Each structure stands twice: as structure tokens, then as C-alpha cells.
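# Geometric and topological summary
One letter stands for each residue in the lines below.
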Amino acid sequence: MNRSEGTRVIKVDYLARVEGEGALYIRARRGRVVDLRLEIFEPPRFFEAFLRGRHYTEAPDITARICGICPVAYQMSACQAMENILGLSVTGPLRDLRRMLYAGEWIESHVLHIAMLHAPDFLGYQSALEMAGDYREQVELSLRLKRLGNDLVTFVGGREIHPINVRVGGFYSVPRTEEMRAWKPRLEQGLEWAVALFRWVMGFDFPDFEQDYEFVALRHAEEYAILEGRLVSSKGIDVAIEDFDQVFEEYQVPHSNALHLRVRERGAYMVGPLARLNLNHDRLTPLARELLQEVPHPLPWRNPFMSILARAIEVVHALEVALEVVETYETPEAPYREVPVRAGTGHGCTEAPRGILYHRYTIDGKGIIQDARIVPPTTQNLHQMEQDLWQFAPQVLQLPKDRATWLCEQAIRNYDPCISCATHFLKIHVEHEPDTA
Amino acid sequence: MAKGTRKPKLAVWKFTSCDGCQLTLLDLEEHLLAIADRVDIAYFLEASRATVRGPYDISLVEGSISTPHEEELIRKVRKQSRFLVAIGACATAGGIQALRNFAHVRDFIQLVYAHPEYIRTLAQVRPIADVVPVDFELRGCPISREQLLELLSAYLHGRRPRIPRHSVCMECKRRGTVCIMVARGVPCLGPVTQAGCNALCPSYARGCFGCFGPMDSANPLSLGRRLEDLGLSREDIVRVYRTFNAYASAFREGSETYEQVRGHTRH
């Protein structure tokens, strides 16, 4: 074996602009990737274990702490699963408040990712703060839009991170009709900002890279599914959420603290904005659908770098959802619904900003949790992220070291990975093996 | 004010946590660009690829220490930081993951992972101050935006941050919220919990659940007796003290006392 002088080792200690920590390890021989591992070293926190023995009413507040970026998603999936056990349906204005709360989280989380985490990749900046030097107007507009999303979450939930107003059956306290109506001008202004953000992002250069994905999302009879729906995929899955385990299987790999998932007997799948847009574009709100027509790229979009554009469309959608609630909401008679506790197993699945978030709980007759299972979206995307990199890395390995590393990071950021959630992410090592003589 | 000298270097570190407290820095939206003009955000991986080498003038540390690797890393961070601030319930009290301190971690690992041998973790989750000296703490699950802004502003002006140490009850009085425990019999941790949220939950008709941890000289057992009178079982009271600040000493005292006397009659 000869050590070639052309051997390169690319090594970055932590992947930045993702939520949480992990590493990517790539080993290449003659420009071909021979080994690739996404390592997750976000420490395990054992939520499923310490949920056992807790009261069912505590699950929304406890599971919110899995992720500071998308606590509403955890609260919504937990409430839905518990309400499934109790046979409780939350409808009318209480459901509308949940839609508005979730819309706020989508706006806040998506704008954070679009402007602060992902856009700097497309424009060649280390961070949004650096980008603000040349794109001050866009960064300021994005920060205002993100604030609007946070303010919506605060309005319904009490505060933006780990809202306090959510409970199984509804809310502790609900806004009055006139407080709700007062939101209209701000949301209309926000819609203008969101359209500007979409047009800005539409002008980015998307690396040429397409894959044959299996997209998975919730599908709802009338709405672009967020709060509930059936599990569907682009390769024929169409089941109730109760059948989650019959369709998907969890497995563990030695290099990671995160559990991985795959479609049984098929393999990797993608959840999140791109999957939702491809499967549910016919359910988008009017302006969001109109903007989609401006994109000169026919659906389905199979380029993961276009996920940033899917997020921008979803921000518009979320604002239109909030506007619809603002215009039709009437103060409900009671802030929550309550029924006697009963033993059973229940399922919850909602569309977190990053994709489907599945919860399953078993409680006893006193309401004490006996078993808990939580499957976050990033866990579901991990296998697909690795698959993308197997295909993408060879295209960039011959580029200058810094550029190759940056593009691999960007390929991971396409998924807006939230690693705190998945540990249950990223130092990059690219090692070029010497040519064998 | 700085007289045209170099900007102080700020670093943000993450240990075992949910990212919510460091997100609070990005959630300072309308102040963020102004802050970036006044301090050099030298290390903040959630926001930037670019990193500047230490030492750092001020380090914000999120999360608790739960792995051997984290134990080594926090010592390095301490050496590189002039002023180290622990932010949030994980950093100041161990956070929700410190619930494992009341159980056996091997049991937890086996419940969650099919291959426990791949998982490296410490038996006890510890707050930052248990491992290295800490210069200041911001409580909360999550921290308050206003307190974070006050901390940064106080630092830039060279004064001590004004952070109240009294109870949530004082905040209810100040904002004119009628006591929900007295008036409506809703169980509330307000009397033993440190202020910082502006008594948010009671204003939403909900009892305080202790996000900011125990106040100075809290009396968890006295409140426990009141909670029993309101109909909470001993198991309920153990759970009430055992959430995001479970390992903070006064809350720990509360839960452990009620756990030990479980099944015995009250005197």
C-alpha cells in the first residue's frame, strides 16, 4: 500500500446551525464513498423511561421539554394520544386555538431555519448575523416574522418556549373573541413579509441533486394536515396512525444515541416540509397555492435543497390558517373538556415543523402512565440523511476541502435536523483513503 | 461604554438540554442585531459555523452534565471563560433529565434502548455548579427573555444584574392576580417558587408548577401540608416537586420527604 501525497482529510469538529450536536464521518477511496456514518452524541435523556409513573395530565408539559424549538408539537401529539385514550374529542373553537398555536410554531421554527440557519449556506455566509451585513433588510424582515410567530404562540400558549396554557382536553384559559379579531392587521402585514421571504428564497441557486424518495406525511380530508390525519406515503402507505408500528420499524445503530427508523421491508423515508408539500399541495390555503405556481419546477420536488422553498410556502400557509381562525373564532363556553379517566392505550400523531411526531401511551385506571413511546421527526429522517450523503458526497469530494465540507453540512441542514429531539448531531470528518497502488 | 476598544467575546455552550434556553437568545429578535453590534458572538454553534478561539469574556452555559465527555468539556469551558453564567433549569438544577437521579440509570437505559451497551452516560445528572465554579445563574424552564436581556445589559455596563429572588406570590400581588389557591383551591407552587415569569400560570387560571425552581428559604413541607388539605395525595405531591427542578435542594427535600412517609398517617 502506498500513501498517496494527494490524500485529504476533511475534519470539522461540530456541525453548526442545527439544533443539538452530532458528527458526520465520511471515508472515501478514489472519490468513492466507502463508509459513511452520521454520529449523534447528543446525550440520551430517557423521556420514555421517566414518563412511566407520571400522571397522564403531565405528559404535555414533560414532553415539551424534549425540544425547545418545537414544544407545541410535543404538547399537541401528547394531548391527542391522551384524548384518544379517554374518548375525548376537541372540536370547534378549542381546535381552532390549537391550529393557531401550531401555526405560530411553524412560522417561528420555519423562519428561524430559513433565515438564520439555512439561507447563509445558499449565499455563502457563516451565519445570519454575518449575512445581515449585506442582507440587512431580509434579515430584519425575517426577525420580525419570527417574532410574529413567537407572539402567536405566546398569545395562545402563554409563552413562546414551553407554553403553559395547553392541557389535555383544551386550554387553561381562552382568549375573548375581540382579542382574537385584533390580530388581523398584524397577520396581514406578516403575510406580506412571508411573500417577500418566499420570493427571496425562490431566487437562490439549488444544487442539482434529486433522489427517489418515499415521502411520508399526514393526510387530512379537507386541510393541509397539521393536527391530525392518516399516515400516507408516495409509495402507497395509507393507514390510521394506530398502525404506525405495523408500517415503520425502529432500529439502533452502534455509532449513535438516536434510534433510527425505516419503512418495514423497504427502507429510508422522508418526513417534513418537502414530504408534506408533495403529498398535500392540493390542500394548501389559496395564496400559498398561488405562490407554488410561480415556482418553475413541477411537483413532486425530489431535490432536498428545495426544502427551504417548501418551508417558505408553509410559512404563508400557516399565516393564512391563523387569519382564518382570527376571522371565525368565537369564545368557547369552557376552556377545556373533561371526562372521567379510564385505562387504555392511545396514539397521537401531528405534523411538527420537521415532520410527523408520533406518541403512544398506555395509562391505568388512575391515569398513571404505564408505557410511553415517542418517535420524533428527525429520528425518522436520519436514515434518509445518510442515504442522501452516500449519493451527494461523491459529487463534492473533489471540490476544495472547505467547500466540500460546507456542502455536506448544507445537505444535512436540508432536513432542519433537531438533534435534541432525535436523541433520542455534527462534527464532520471526511477521510480520503490513499489510493492503493 | 466601551471607548472604541475591542468588543467582549460571547460564547454559548450546550450540554444536556432541549436547546430552548439558547434559543431565547435568538428569540431576542428585535434586540439581536443591536447585541451583535455590541458583543462579538464568538462561539454559538446553533447560529454560526464560524468560531473564534477562546478565552471568552462571557460564556452562557445551557444544559446539565450527564456524560463523562461533558464533565471534561465543562472544565475546559470554565478555563476559557472569564464570566460563566449557567442558564436555565438544566444548568442550574439538572433539569428534567435529573429525574434519573431518583432511579437507577441502567433500568432507564434498558427501557428505551434495545442495545444498552452502545449508550454512555453518567449515573447522576448534575447542575453546572456541582462540577465547576459558576459566576451567575439564570433560572427558568425556559429562562426569561427579559432576564437574559438584563443580564447582557448589566454585563455591558459593568453592574450586577437585577434578578429577583423572592417568590412567585409577590409577582401575583404586583400584577393584581387574585390568589388562585386561596380563592379557587387550585394547587400552586407559587409560595415556594422563585419569581421570573411574572406569575404567568396563575394569570392563565393555572397553578404555578415551579419552572424557576425554589426561592430562597422555601418551605416545601409547609406548602405540602396545604396541598394535602386541597386533596392531593402523597404521590401527587412527590410528582409536583419532581419536574424540571426536581434536583434543586428544597424541591428534592419536598419530594423525598413525601416519598419516605408514603403510606403513613400524617401527624
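Residues numbered from 1 in each chain as written. Chains lettered and ligands numbered in written order. Predicted model: local features only at pLDDT ≥ 70, side-chain atom pairs only at ≥ 80, totals over all residues. Heavy atoms only, no water.

Before going further, it helps to spend a moment on the overall build of chain A. Each helix and strand counted, chain A has 15 helices and 14 strands in total. Looking at chain A as a whole, 67% of its 437 residues are labelled buried. Of the roughly 14600 Å² of accessible surface on chain A, a fraction of 45% belongs to carbon and sulfur atoms. (Helix = DSSP H or I, 4+ residues; strand = E, 2+ residues; numbered from the N terminus. Buried < 20%, exposed > 50% of the residue type's maximum accessible area, 1.4 Å probe, protein only. Areas by Shrake-Rupley, 256 points an atom, 1.4 Å probe, with all protein chains shown as cover.)

Residues and elements named next belong to chain A. Pairing is antiparallel across the open sheet formed by 3 strands, whose spatial order is β11-β12-β13. The open sheet has two free edges, formed respectively by β11 (344-352) and β13 (369-375), since each of these has just one partner strand. Going from strand to strand, the sheet's axes swing by 15 degrees on average, the running direction of each strand aside. (Pairing = 2+ DSSP bridges. Axes fitted to C-alpha atoms, helices over the stretch in contact; angles between N-to-C directions.)

A word on the packing of helix α8 (residues 184-202) of chain A against helix α12 (residues 307-328) of chain A. Residue and element names in this part refer to chain A. Relative orientation of the contacting elements α8 and α12 amounts to 165 degrees, with a least axis distance of 9 Å. Between α8 and α12, the angle falls in the class roughly antiparallel. For α8 against α12, the interelement crossing comes out left-handed. In contact with Lys-184, Leu-187, Glu-188, Gly-190, Leu-191, Ala-194, Val-195, Phe-198, Val-201 and Met-202 of α8, α12 contributes Ile-308, Leu-309, Ala-312, Ile-313, Val-315, Val-316, Leu-319, Glu-320, Ala-322, Leu-323, Val-326 and Glu-327. Split into classes, the residues belonging to the contact of α8 with α12 amount to 17 nonpolar, 1 polar and 4 charged. (Parallel < 35°, antiparallel > 145°, perpendicular 65-115°, else oblique. Left-handed = near helix turned anticlockwise from the far one by under 90°. Contact = heavy atoms within 4.5 Å. Nonpolar A, V, L, I, M, F, W, Y, C, P; charged D, E, K, R; others polar.)

All names here are of chain B. For Asn-101, the location among the structural elements is in the loop between α4 (88-93) and α5 (105-112). There is a polar contact of 2.8 Å between the side chain of Asn-101 and the backbone nitrogen of Val-125. Setting aside anything within four residues of it in sequence, one finds Asn-101 in contact with Ala-123, Gln-124, Val-125 and Tyr-247. (Polar contact = N/O pair within 3.5 Å; in protein donor to acceptor, adjacent residues only side chain to side chain.)

Residues and elements named next belong to chain B. Per the domain assignment, the segments making up chain B are domain 1 (9-157) and domain 2 (168-260). Taking only C-alpha atoms, the centre of domain 1 and the centre of domain 2 are 25 Å apart. Of the residues lining the interface, 16 residues belong to domain 1; the matching set on domain 2 comes to 17 residues. Together, the buried faces of domain 1 and domain 2 total about 1300 Å²; carbon and sulfur atoms form 60% of this surface. When the buried area of domain 1 at its contact with domain 2 is split by residue, Phe-102, Arg-139 and Cys-141 rank highest and sum to 45% of it. Counting the contacts that link domain 1 with domain 2 gives 0 salt bridges. (Domains from an automatic or database assignment. Buried area = accessible area lost by both parts, 1.4 Å probe. Salt bridge = Lys/Arg side-chain N within 4 Å of Asp/Glu carboxyl O.)

The next subject is the pairing of strand β3 (residues 56-62) of chain B. Residue and element names in this part refer to chain B. In terms of burial, β3 is largely enclosed, as 7 of its 7 residues are buried. Pairing geometry for strand β1 (residues 9-14) and β3, over 5 bridges, is parallel. Following the sheet pairing, Val-12 is matched in β3 by Leu-60. As judged from the 6 bridges shared by β3 and strand β4 (residues 81-87), these two strands associate in the parallel manner.

All names here are of chain B. Reading across the sheet, the 5 strands line up as β2-β1-β3-β4-β5 and stay open at both edges, with parallel pairing between neighbours. Looking along the sheet, the strands with just one partner apiece sit at the ends: β2 (40-44) and β5 (136-138). This sheet shows a mean twist of 25 degrees between the axes of neighbouring strands, independent of strand direction. Bridging between β4 and β5 involves 3 bridges; their strand directions are parallel.

So, on to the interface of chain B and chain A. Contact with chain B, which involves 59 residues of that partner, is made by 69 residues of chain A. A buried area of about 5500 Å², summed over both sides, lies between chain B and chain A, and 63% of it is on carbon and sulfur atoms. The interface formed by chain B and chain A contains 7 salt bridges. Asp-27 of chain B is paired through a salt bridge with Lys-146 of chain A; the nearest N and O atoms lie 2.4 Å apart.

Taking 1.5 Å per residue, 22 residues should reach 32 Å; α12 of chain A reaches 31 Å between its end C-alpha atoms and fits that length. Burial of α12 of chain A is extensive: 19 of the 22 residues sit out of reach of the surface. (Expected span 1.5 Å × (residues − 1).)

Our focus in this paragraph is the nonpolar core. Counting 167 residues, the largest nonpolar core has Met-100, Leu-145, Trp-301 and Tyr-361 of chain A together with Leu-60 of chain B as the members making the most contacts within it. Per element, the largest residue contribution to this core is 15 residues, and it comes from helix α4 (residues 92-123) of chain A. Counting contributing residues, this core receives three or more from each of domain 1 (9-157) and domain 2 (168-260) of chain B. Beyond its immediate stretch of four places on either side in the chain, Leu-60 of chain B contacts Leu-10, Ala-11, Val-12, Trp-13, Leu-25, Val-85, Ile-87, Leu-148 and Leu-151 of chain B. (Core = buried A, V, L, I, M, F, W, Y, C linked by side-chain atoms within 4.5 Å.)

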